[in-house]
Structures are given as structure tokens and as C-alpha cells.
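# Coordinate analysis (summary)
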Amino acid sequence: MPYIKIESGKLTDEQKTLLIKRLTEVSSEIMNIPHEFFTTTITELPDKNFGIGGRTIDIIKNEYKSKK
């Protein structure tokens, strides 16, 4: 049984529904496995719990917003 795991920042319920649907559809098509066999989980992480280039995502987002 294929298992799809997504880790991301905060998502809306609509985004989660669409991600699960589309990832399952594409994976099913590529792998030639019925979509009923796929399990998908989404783990939301606070922006302070992960980073890029030595800085947390909340800092990067704040810097990006201040440049706009």
C-alpha cells in the first residue's frame, strides 16, 4: 500500500483536501495502482519549527512581507 507523507506549514482545509486528492490521482496514474490503495497524511509544522539557510521560516516570511 503506497503511503504519501507531506510536511508543510499551516494549510487550509481546502488546501489539504486538494493536496490529498491531486497527489493520490497523480501517484495512482504514474504507479498504475488504484487510488483506493493510497494512504496520505499531512503534518503541519509551525514556521518556527523549520528553517532554510540557518533561519526559521517565520523570519524569512517576515522579511519577504516587509520587502513588498
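As a starting point, this report considers the structure included with it. (Residues numbered from 1 in each chain as written. Predicted model: local features only at pLDDT ≥ 70, side-chain atom pairs only at ≥ 80, totals over all residues. Heavy atoms only, no water.)

This paragraph deals with the overall build of the protein chain. Scanning the protein chain for helices and strands turns up 2 helices and 4 strands. Listing every helix and strand of the protein chain by position from the N terminus yields β-α-β-β-β-α. The C-alpha atoms of the protein chain give 16 Å as radius of gyration, which overshoots the globular expectation for 68 residues (11 Å, by more than 25%). Here the C-alpha coordinates of the protein chain stretch approximately 45 × 20 × 20 Å along the principal axes. (Helix = DSSP H or I, 4+ residues; strand = E, 2+ residues; numbered from the N terminus. Rg over C-alpha atoms; globule rule 2.2 N^0.38 Å.)

Relative to the helices and strands, Ser28 resides in helix 1 (residues 13–31). A polar atom in the side chain of Ser28 sits 2.5 Å from the backbone oxygen of Ile33. A polar contact is formed between the side chain of Ser28 and the backbone nitrogen of His35, at a distance of 3.4 Å. Once residues lying within four places of it in the same chain are set aside, the contact partners of Ser28 are Ile33, Pro34, His35 and Phe38. (Polar contact = N/O pair within 3.5 Å; in protein donor to acceptor, adjacent residues only side chain to side chain. Contact = heavy atoms within 4.5 Å.)

This part is about helix 1. For helix 1, with 19 residues, the first-to-last C-alpha span of 27 Å sits near the 27 Å given by 1.5 Å per residue. When helix 1 is considered as a whole, its buried residues turn out to be Thr24, Ser27 and Ser28. Down the axis of helix 1, the buried side of the element spans an arc of 100 degrees, and every buried residue falls inside it. Along helix 1, exposed side chains directed more than 90 degrees from the buried face belong to Glu14, Glu29 and Ile30. Positioned one or two residues after helix 1, Asn32 has a phi angle of 60 degrees, which is positive. (Expected span 1.5 Å × (residues − 1). Buried < 20%, exposed > 50% of the residue type's maximum accessible area, 1.4 Å probe, protein only. Arc of directions from axis to C-beta.)

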